[in-house]
Amino acid sequence: MGNTVAREDFEWVYTDQPHADRRKEILAKHPEIKALMKPDYNLIWVVVLMVVAQLTAFYLVRDLDWKWVVFWAYVFGSCISHSMTLAIHEISHNSAFGNSRAMWNRWFGIFANLPLGLPYSISFKRYHMDHHRYLGGDGIDVDIPTNFEGWFFCTRFRKFIWIVLQPFFYAIRPLCINPKPITRLEIINLLAQLSFDIVIYYLWGAKSLFYMLAGSVLGLGLHPISGHFIAEHYMFLKGHETYSYYGPLNLLTFNVGYHNEHHDFPNIPGKSLPLVKKIAAEYYDNLPQYNSWIKVLYDFVMDDTISPYSRMKRQLKGEVKQD
């Protein structure tokens, strides 16, 4: 239970990420994939329904006993909240209204953010674009854990705690690795969120507000869907940087499990990523893949060779352009 893992640093690599080259190869062989590079307008209505579902839940839990508020926050609210963060992920790629209406996507992301309770959408978009452009980039890609995380969370028990505290680390990591000046849209995101939270508290009280915040924290921590945080890029097999998941939870997560496909074609909405895999099957079928995010979480904790250090990292060269 207390064995220290062998890895003591990240896996430093001196090659470019594989996704750009694979994208060129696939498009040369399967140009029909370009037809999938268009907005998913159904995303708009799905997000609206999810917001309505959470508003209904806020109303229904207002008079429940606290134990039931906690129960429903984990069983229902956490699933909707985590799913909404992945809807916001889709929106950050302009999948709702298209690249020609980029600001519509930003405003819609702020709207989708409301039932999460904490401002997230605008900042996520700024850092997530860096993750795609500079995957594993030292000091740029804030999806990479800090050296402290890799050094300290090195036993089974500590790795378990790290999974529980993932929302905390995702929130503070950008401030430690790559702090950026606050933008006008981030201030608007913050003010809109605070106003919404105050209205929920005023209308339905502390239990509804707690349900909202607890659902977000629980959903992003020790939760089956949270397996995607580790499944996407943690190096369970040496030399493989990105992994796809083809299990049923893709239905709740806008196909974020199709992660090799997503990094190869970030401008294709999640709805169409299974088609990408089908069309270019010869590129994806033999890549490492998962069918269970729960097993990924279990293996991460129990495998003494895996830790937050199990990531590929690059020293970037040349000009770095950030949002």
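Residues numbered from 1 in each chain as written. Predicted model: local features only at pLDDT ≥ 70, side-chain atom pairs only at ≥ 80, totals over all residues. Heavy atoms only, no water.

### Concerning the packing of helix α5 (residues 121–133) against helix α9 (residues 184–204)
Thinking step 1. Relative to each other, α5 and α9 sit at 145 degrees, their axes nearing to 8 Å. Residues Ser 121, Ile 122, Ser 123 and Arg 126 of α5 form the contact with α9, whose own contacting residues are Leu 185, Glu 186 and Asn 189.
Thinking step 2. Of the residues belonging to the contact of α5 with α9, the class tally is 2 nonpolar, 3 polar and 2 charged. (Axes fitted to C-alpha atoms, helices over the stretch in contact; angles between N-to-C directions. Helix = DSSP H or I, 4+ residues; strand = E, 2+ residues; numbered from the N terminus. Contact = heavy atoms within 4.5 Å. Nonpolar A, V, L, I, M, F, W, Y, C, P; charged D, E, K, R; others polar.)

### Focus on the layout of surface pockets
It is a probe the size of a water molecule, rolled over the atoms, that shows where empty space is left.
Thinking step 1. Approximately 1,300 Å³ is the volume found for the largest pocket.
Thinking step 2. Lining the largest pocket are 37 residues; nearest its centre among them are Tyr 120, Ser 123, Phe 124, Tyr 170 and Ala 171.
Thinking step 3. Elements that contribute at least two residues to the lining of the largest pocket include exactly α3 (66–92), α5, α8 (166–177), α9, α10 (206–219) and α11 (227–231).
Thinking step 4. Counted by class, the lining of the largest pocket contains 20 nonpolar, 10 polar and 7 charged residues.
Thinking step 5. Considered as a void within the structure, the second largest pocket measures approximately 630 Å³ in volume.
Thinking step 6. Along its surface, the second largest pocket is lined by 27 residues, and Gln 17, His 132, Arg 133, Tyr 134 and Leu 135 are the ones closest to its centre.
Thinking step 7. Taken together, the residues of the lining of the second largest pocket break down into 8 nonpolar, 11 polar and 8 charged. (1 Å grid on protein atoms, 1.4 Å probe; cavity = no way out; pocket = protein on both sides within 12 Å on 5 of 7 lines; lining within 4 Å. Points joined across faces, edges and corners; volume = space filled by probe spheres on them.)

### A closer look at the environment of Ser 95
Thinking step 1. Along the polypeptide, Ser 95 turns up in the loop between α3 and α4 (102–113).
Thinking step 2. Spatially, the C-alpha atom of Ser 95 lies 9.2 Å from that of Met 37, the residues being 58 residues apart in sequence.
Thinking step 3. If we skip the residues at most four places from it in the chain, Ser 95 touches Pro 39, Asp 40, Leu 43, Glu 90, Asn 105 and Pro 269.

### Notes on unusual backbone geometry
Thinking step 1. Its identity is not glycine, yet Asn 94 carries a phi of approximately 65 degrees, on the positive side.
Thinking step 2. Along the chain, Asn 94 turns up in the loop between α3 and α4.
Thinking step 3. A positive phi angle, close to 55 degrees, is found at Phe 254, a residue other than glycine.
Thinking step 4. Tracing the sequence through the fold places Phe 254 in the loop between β2 (244–245) and α12 (259–264).
Thinking step 5. Given a relative accessible area of 17%, Phe 254 falls into the buried group. (Buried < 20%, exposed > 50% of the residue type's maximum accessible area, 1.4 Å probe, protein only.)

### Concerning the packing of aromatic side chains
Thinking step 1. Counted under the stated rule, the structure contains 25 aromatic pairs.
Thinking step 2. Residues Phe 97 and Phe 108 carry aromatic rings whose centres are separated by 5.6 Å and whose planes lie at 85 degrees to one another, so their mutual orientation is edge-to-face. Note that Phe 97 is positioned in the loop between α3 and α4 and Phe 108 in helix α4, a separation of 11 residues in sequence.
Thinking step 3. Looking at Phe 97, the relative accessible area reads 15%, which means it is buried.
Thinking step 4. Among the residues examined, Phe 108 registers a relative accessible area of 9% and is labelled buried.
Thinking step 5. Pairwise contacts between aromatic rings join Phe 148, Trp 151, Phe 152, Phe 153, Phe 168 and Phe 169 into one cluster.
Thinking step 6. In this structure, Arg 101 is placed above the aromatic ring of Trp 104, and the distance from its NZ or CZ to the ring centre is 4.5 Å.
Thinking step 7. Positioned above the aromatic ring of Tyr 246, the side-chain terminus of Lys 277 is 4.8 Å from the ring centre. (Phe/Tyr/Trp six-rings, centres within 6.5 Å; stacked < 30°, edge-to-face > 60°. Lys NZ or Arg CZ within 6 Å of the ring centre and 35° of its normal.)

That's the geometry; what it means functionally is another story.
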